[in-house]
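Architecture at a glance
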2 protein chains.
Amino acid sequence: MPIARIILGMSFAPEDIVGSIAATLTTAAFFPQALKSWKTRDLSGVSLPMYSLFTVGVAMWLVYGIILGSWPIIIANVITLGLASLVLALKVMHK
Amino acid sequence: MPIARIILGMSFAPEDIVGSIAATLTTAAFFPQALKSWKTRDLSGVSLPMYSLFTVGVAMWLVYGIILGSWPIIIANVITLGLASLVLALKVMHK
């Protein structure tokens, strides 16, 4: 077992690398949206049904991670849940 | 093996049920956003960096599904990629 695998406690199979990049991007994506919505309070083009469904869906992904005991899934979805909830709350307040 | 598992070719462990609901919700969420953006052409509150990062991220999830040979992951991400790409294209055209 390579030392990096021991230190980081994670595997580096191709699918793990691709999955990690994918998870990082789809989680990070909500930072600029949350920041824009917070600063501008312009939620006119943002869909309320989208953020309603998405927030519940991400909460389910969090439950999924908890069942599996997977910290990467838990952390990614806690962050996404926080950001999506903020956009949803701003949309509800400013629609 | 229960007959339903043979017919549907999928398992029904708790995490599979929760994961399936989660995937359905986070994919379905982009339908109302894509529809709203298409009909209203109002993209003012929608973040360009969000959809740029998200679209690349979903494409990576698609690659992840292809590497794993997982049809549920492939199908969910093909749909999400199409919808997110549409919102991204509308944002680029109407910003």
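Just above sits the structure.
Everything numeric here is computed off the predicted structure, so don't read it as measured data. (Residues numbered from 1 in each chain as written. Chains lettered and ligands numbered in written order. Predicted model: local features only at pLDDT ≥ 70, side-chain atom pairs only at ≥ 80, totals over all residues. Heavy atoms only, no water.)

1. Quick word on the environment of B:Val58
All names here are of chain B. With respect to the helices, strands and loops of the structure, valine 58 is situated in helix α4 (residues 48-68). In this structure valine 58 comes out as buried when scored by relative accessible area, which is 2%. For the pair valine 58 and glycine 82, spaced 24 residues apart in the sequence, the C-alpha separation amounts to 9.7 Å. (Helix = DSSP H or I, 4+ residues; strand = E, 2+ residues; numbered from the N terminus. Buried < 20%, exposed > 50% of the residue type's maximum accessible area, 1.4 Å probe, protein only.)

2. Details of the interface of chain A and chain B
The partner chain B presents 35 residues to the 36 residues of chain A that form the contact. For the chain A and chain B pair, buried surface summed over both sides reaches about 3000 Å², with 77% attributable to carbon and sulfur atoms. On the surface where chain A and chain B come into contact, there are 0 salt bridges. Across the chain A-chain B interface, the total number found is 11 residue pairs in polar contact (both at pLDDT 80 or more). Take the side of chain A that touches chain B: its biggest share by element is 14 residues, from helix α4 (residues 48-68) of chain A. Here the side of chain A that touches chain B is built from residues that sort into 24 nonpolar, 8 polar and 4 charged. (Contact = heavy atoms within 4.5 Å. Buried area = accessible area lost by both parts, 1.4 Å probe. Salt bridge = Lys/Arg side-chain N within 4 Å of Asp/Glu carboxyl O. Polar contact = N/O pair within 3.5 Å; in protein donor to acceptor, adjacent residues only side chain to side chain. Nonpolar A, V, L, I, M, F, W, Y, C, P; charged D, E, K, R; others polar.)

3. Looking at the packing of aromatic side chains
Going through the model one piece at a time under the given rule, you end up with 8 aromatic pairs over all chains. With centroids separated by 6.4 Å and ring planes inclined at 85 degrees, the aromatic side chains of B:Phe30 and B:Tyr51 adopt a geometry described as edge-to-face. Residue B:Phe30 is located in helix α3 (residues 30-40), and its partner B:Tyr51 is located in helix α4; the two are separated by 21 residues in the primary sequence. Note on accessibility: B:Phe30 and B:Tyr51 belong to one class, buried. In textbook terms, an aromatic cluster arises when at least three aromatic residues are bridged by ring pairs, as seen for A:Phe30, A:Tyr51, A:Phe54, B:Phe30, B:Tyr51 and B:Phe54. The residue whose ring lies beneath A:Arg41 is A:Trp38, and the NZ or CZ to ring-centre distance is 4.2 Å. (Phe/Tyr/Trp six-rings, centres within 6.5 Å; stacked < 30°, edge-to-face > 60°. Lys NZ or Arg CZ within 6 Å of the ring centre and 35° of its normal.)

Functional significance is not addressed by these values, which are geometric in nature.
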